[in-house]
Amino acid sequence: MSKKRVIIVGGVAGGATCATRLRRLDESAEILVLDRGPYVSFANCGLPYYVGEVIQDEARLLLATPELFRKRFNIEVRTRHEVVAINRKERTVTVKNLESGTENAERYDELVLSPGAAPIRPTWPGINLPGIFTLRTVPDSRDIRNWIASRNPRTAVVVGGGFIGLEMAENLVHRGIAVTVIEMANQVMPLLDPEMAEYARRHLESRGVNLVLGQGVSGFESNGDEGLLVRTQSGEAFEAELVVLSIGVRPETQLARDAGLEIGDRGGIRVDEQMRTSDSSIWAIGDAVEVKNWVTDQFELIPLAGPANRQGRVAADAICGRDTRFRGVQGTAVCGFFGLTVALTGAAEKSLHRAGVRDFESVYLHPNHHVGYYPGAQTIHMKLLFRRSDGLVLGAQAVGEAGVARRIDVIAQAIQMKATVFDLEEAELCYAPQYGGAKDPVNFAGMIASNVMRGDMELASWNNLDSTTAFLLDVREVHEFRAGTVEGAVNIPLGELRARLGELPRSREIWVNCQVGQRAYYACRILAQHGFRVRNLSGGYRTYRALYSDEARELSNAR
Ligand code: FAD
């Protein structure tokens, strides 16, 4: 039997994983990896930190060389070789050598596409002026570093306030540059629900980042010796000696489209659970494909390294005849800037609304990342979403300075295992004073949601505050109440509540708040057992502040 010849287009996250997995499963296969760039297997995720000089040595970004692929895996890697066409009938690809300009055909038995996604670069006026960069490759990051070294810019505009934009903002500040982030949405990190993004907004502003939210960039002009003027649709202009565009990525599907492969509604290559395209000899993985989100049951583009790696493995298994399947995605992601960590998994409230899901509830909490008595405890702001009818965990978001990713990772796995809030309540997690609490934040989230599920506590939504006729009761201490409260709320500290029940109405529903939700829960239990109709304003005054700070109100009015 002749050797199976597998060609892989793109040799970074998905492609490199697929190639090496293939070799482990099939020692005899002939494996050829083609990449148009100068490197394979480089750490794209590390690029912002290379620009920020957190990573000093460029070589550290290069995880494997063609030489290593050849020696260790017997895989042939050709860099600076671009696949320009797929000839499905002949089962060949046309490959252009970008050094010599020559083209040749390469035969395949199986073809794997892992071409990734390209940064979006709109055709705005002035887009090609010098000093405007995108970041995808090692040479891109080198270009930005060279620009900084030669121009010594004092000001930069980052267009886009998502993951890469905010990582770039931090790294440019790290280089001593004053950064403005312009974001079209009314919040940073548009994947988060707005009230959770509010914590990130405050943190960024406290670190001196100038955030311009709710404004789209319309174009760029030269500003003489001062660099560039970045214009927004509302007519404002911002000076910048360096601009980084990070407004998202678009799957690289041209090759697949030209070859007549099926493209999905979201614009990614359509694949089955084994990453097979509409041609049974062609596979596609990574940022270029669209995959099912198993929480929302919608196809999505998820340009993340984890799914790309897992898909590379699945495709290799399938090519070798194994029945491995890709389970789908749930959008687990994390991002850090200026010491703050933002992480999420599963569905956000906004994505559930978009998917037409109504059967859900959310709870907020603000636990310490470890017990409060051990020095250095930091608050984690958390939101947990679950199905109201059976408690299935649907999603979670968390923001804080410590312990954030660990909690989201636990909930991510719970979601994949189709766990309910009762499982989170019961989860047995690591505990010692410097790591957590005997009731971990994950347990707390599960307990609060389980209380709701069992009918021990009804929730009220802060979003309905403006329209409610409920009696608003604040059970915090007097000094906390005086430092700021919800308009119209009456203060009876929890410790006095039993003695002052006569001050409360029996004809109206009572909505209770405290600082984070816990004392309000105790109050709800007291009041419910005395026959009052009562609800807890989830997440307490802290969540209220995230939703209704002056800035948040302004942005929400603009929405
Ligand atoms: P890529 O890794 O992009 O590889 C595609 C390769 O294919 C490229 O080298 C390209 O040159 C080559 N190629 C394309 N077309 C052709 C062709 N026709 N012929 C030959 N070669 C071709 N994800 C995370 O999960 N966490 C992070 O922290 C994170 N940070 C990131 C930071 C930055 C700055 C960037 C750019 C991305 C980041 N990502 C992160 C995303 C992650 O890097 C991608 O999801 C992942 O690399 C996708 O893998 P892929 O194999 O689909 O594509």
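Right above here is the structure, for reference.
Note that the structure is a prediction, hence the values are computed from the model and not measured.

This brings us to the pairing of strand β12 (residues 210-213). When a strand is regular, its side chains alternate between the sheet's two faces. As paired strands, strand β11 (residues 178-183) and β12 are joined by four bridges and run parallel to one another. Across the sheet, the residue bridging to valine 181 is leucine 211, located in β12. As for the winding sense of the linkage, the β-α-β connection from β11 through helix α6 (residues 194-206) to β12 is right-handed.

For an α-helix the count is 3.6 residues per turn, leaving residues at separations of three or four pointing the same way. Along its 13 residues, helix α1 (residues 13-25) runs 19 Å from first to last C-alpha, staying within 8% of the 18 Å computed at 1.5 Å per residue. For α1, the tally of buried residues reaches 10 of 13 residues, placing the bulk of the element in the interior. The inward-facing, buried residues of α1 contact β1 (5-9), β2 (30-35), α3 (66-73), β7 (110-113) and α8 (305-319).

What follows concerns the site of the ligand. Taken together, 28 residues are adjacent to the ligand, and Gly14, Asp35, Ser114, Asp287 and Ala305 come closest. Between the ligand and asparagine 44, the relevant distance is 3.2 Å, taken from an oxygen atom to a side-chain nitrogen or oxygen of the residue. A distance of 2.8 Å is found between an oxygen atom of the ligand and a side-chain nitrogen or oxygen belonging to serine 114. Coverage of the ligand by the protein chains reaches 88% of its 990 Å² of free accessible surface. For the shell around the ligand, the residue count by class is 15 nonpolar, eight polar and five charged.

It is worth spelling out the environment of isoleucine 132 at this point. The topology assignment puts isoleucine 132 in strand β9 (residues 132-133). Note: C-alpha distance between isoleucine 132 and leucine 228 (96 residues apart in sequence) is 8.9 Å. What isoleucine 132 contacts, discounting residues up to four positions off in sequence, is Arg121, Gly126, Ile127, Phe220, Leu228, Val243 and Leu245.

Glancing now at the nonpolar core. Counting 49 residues, the largest nonpolar core has Ile8, Ile86, Leu111, Leu113 and Met275 as its most contacted members. The greatest single-element share of this core, amounting to five residues, is contributed by α8. Among residues more than four places away in sequence, those in contact with leucine 113 are Val9, Ile86, Ala256, Leu261, Ile269, Ile282, Trp283, Ala284 and Ile285. If you look at the next biggest cluster of nonpolar residues, it comprises 46 residues, including Ala43, Leu61, Val158 and Tyr199.

Calculation notes
- Residues numbered from 1 in each chain as written.
- Predicted model: local features only at pLDDT ≥ 70, side-chain atom pairs only at ≥ 80, totals over all residues.
- Heavy atoms only, no water.
- Pairing = 2+ DSSP bridges.
- Helix = DSSP H or I, 4+ residues; strand = E, 2+ residues; numbered from the N terminus.
- Right-handed = clockwise from strand over helix to strand, strands pointing away.
- Expected span 1.5 Å × (residues − 1).
- Buried < 20%, exposed > 50% of the residue type's maximum accessible area, 1.4 Å probe, protein only.
- Contact = heavy atoms within 4.5 Å.
- Near = heavy atom within 4 Å.
- Polar contact = N/O pair within 3.5 Å; in protein donor to acceptor, adjacent residues only side chain to side chain.
- Areas by Shrake-Rupley, 256 points an atom, 1.4 Å probe, with all protein chains shown as cover.
- Nonpolar A, V, L, I, M, F, W, Y, C, P; charged D, E, K, R; others polar.
- Core = buried A, V, L, I, M, F, W, Y, C linked by side-chain atoms within 4.5 Å.

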